[in-house]
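Observations on chain architecture
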Amino acid sequence: MPSRRKWMMTGLAASAAGAVSLKLAAHKGLIPPDHGGIYGPGATLTYAAQRLLTRGAMAREYPRAAISPKPFANPTQFRNDAYDQMAKDGFRAWRLRIEGSVTRPREYSLDQLRQLPVRSQATQMICEEGWSFIAEWAGVELAGLLGDAGMRAETKFIVYESMEQGWWDSLDLDDAMHPQTLVAHSMNGSELPSAHGGPLRMRVPRQIGYKSVKYLARIIATDDLRKFGKGLGSPGPEYGYSWYAGI
Ligand SMILES: Nc1nc2c(c(=O)[nH]1)N[C@H]1C(S)=C(S)[C@@H](COP(=O)(O)O)O[C@H]1N2
Ligand SMILES: [Mo]
């Protein structure tokens, strides 16, 4: 686990370098939703330092030869009757919804998504538990979908939910609009396998694995994360995992 301490120390180290202070973070509006509690100052410094120092940076992309022969699927695979039923006909009835602070809420079938311009990139999936693998994910840029939906100017965060109960997360616009952030429908040249979150998952290669929510069902643009869950931006901070988990 990225020990919470480690995240905190990363933030403290960055601030010790003279780059960032809590005051500067506040001044720049770089306050993450999980800024409260004992880990809050560390989370804030880490997030603000990353945003101030590495804004727009690209996650490393690997050559095809580096793709892991056996990608590790997080063993807890989500299943339920409704999912199995939809899987039987290739998720034809499945729709991804995009709503919230947008002028044109949308619903996409898998076929519609597959017809949109594809971006593919081999990146590393890094789990906070210590394992990792490299795979090539392909899908549509989240930024493109948000553009199509007419994301409104007040939008500050993008919330995304899984069909798996309890799994949801959010991104600031830096990561949501980043060209490597994908709604992925394929992996290593095939349909995204169920074990890896098929039919659709969010793929956020600039952050730790848990931000790459599987079984993606709904994307919501919002101006305020306090409207979601406990207001911490994701369930993670309730258990000591930082909302912002940049790598
Ligand atoms: N819906 C859902 N999304 C999820 C998870 C999960 O259990 N359920 N695990 C997360 C974690 S902790 C990691 S590291 C990655 C792992 O992706 P993989 O199963 O494709 O290896 O998915 C993330 N997304
Ligand atoms: Mo993970």
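Placed above this text is the structure.
The notes below deal with the structure included here.

**Topic: the site of ligand 1**
The environment of ligand 1 is made up of 21 residues, and the closest members are Phe72, Glu164, His196, Arg201 and Lys214. Note that an oxygen atom of ligand 1 is positioned 2.6 Å from one of the backbone N or O atoms of Phe72. At 3.3 Å from a nitrogen atom of ligand 1 is found a side-chain nitrogen or oxygen belonging to Ser162. Here ligand 1 loses 97% of its free accessible area of 530 Å² to cover by the protein chains. Here the residues of the shell around ligand 1 are counted per class, giving eleven nonpolar, six polar and four charged.

**Notes on the pattern of salt bridges**
The tally for this structure, following the rule as stated, stands at 19 salt bridges. For Glu161, the salt bridge goes to Arg218, with nearest N and O atoms at 2.9 Å. One end of the pair, Glu161, is in strand E5 (residues 157-162); the other, Arg218, is in strand E10 (residues 216-222), with 57 residues separating them in the sequence. Here Arg206 ties to Asp174 by a salt bridge, and the two come within 4.0 Å at their closest N and O atoms. Taken together, the positions of Arg206 in the loop between strand E9 (201-203) and E10 and Asp174 in helix H7 (residues 173-176) put the pair 32 residues apart, joining distant regions of the chain. Judged by its relative accessible area of 22%, Asp174 falls in the partly exposed class. When salt bridges with common partners are traced through the structure, they connect Arg51, Arg55, Asp172, Asp174, Asp175 and Arg206 into a single cluster.

**Re helix H3 (residues 40-54)**
Each turn of an α-helix holds 3.6 residues, which means side chains three or four residues apart point in the same direction. With 15 residues, H3 extends 21 Å between its outermost C-alpha atoms, agreeing within 8% with the 21 Å of an ideal straight helix rising 1.5 Å per residue. Burial analysis of H3 places eleven of its 15 residues in the buried class, which makes it a mostly covered element. Looking at H3, one finds that the buried residues are Gly40, Gly42, Ala43, Thr44, Leu45, Thr46, Tyr47, Ala48, Ala49, Gln50 and Arg51. Gly56 lies just past H3 and shows a positive phi near 80°.

**Here we look at the pairing of strand E7 (residues 182-187)**
A large share of E7 lies buried, amounting to six of its six residues. Relative to E7, strand E4 (residues 132-141) runs antiparallel, the two being bridged by five bridges. When the sheet's bridge partners are listed, Val140 is paired in E7 with Val183. Across three bridges, E7 lies against E9 in antiparallel orientation. What sits directly across from Ala184, in E9, is Arg201.

Criteria and thresholds
Residues numbered from 1 in each chain as written. Chains lettered and ligands numbered in written order. Predicted model: local features only at pLDDT ≥ 70, side-chain atom pairs only at ≥ 80, totals over all residues. Heavy atoms only, no water. Near = heavy atom within 4 Å. Polar contact = N/O pair within 3.5 Å; in protein donor to acceptor, adjacent residues only side chain to side chain. Areas by Shrake-Rupley, 256 points an atom, 1.4 Å probe, with all protein chains shown as cover. Nonpolar A, V, L, I, M, F, W, Y, C, P; charged D, E, K, R; others polar. Salt bridge = Lys/Arg side-chain N within 4 Å of Asp/Glu carboxyl O. Helix = DSSP H or I, 4+ residues; strand = E, 2+ residues; numbered from the N terminus. Buried < 20%, exposed > 50% of the residue type's maximum accessible area, 1.4 Å probe, protein only. Expected span 1.5 Å × (residues − 1). Pairing = 2+ DSSP bridges.

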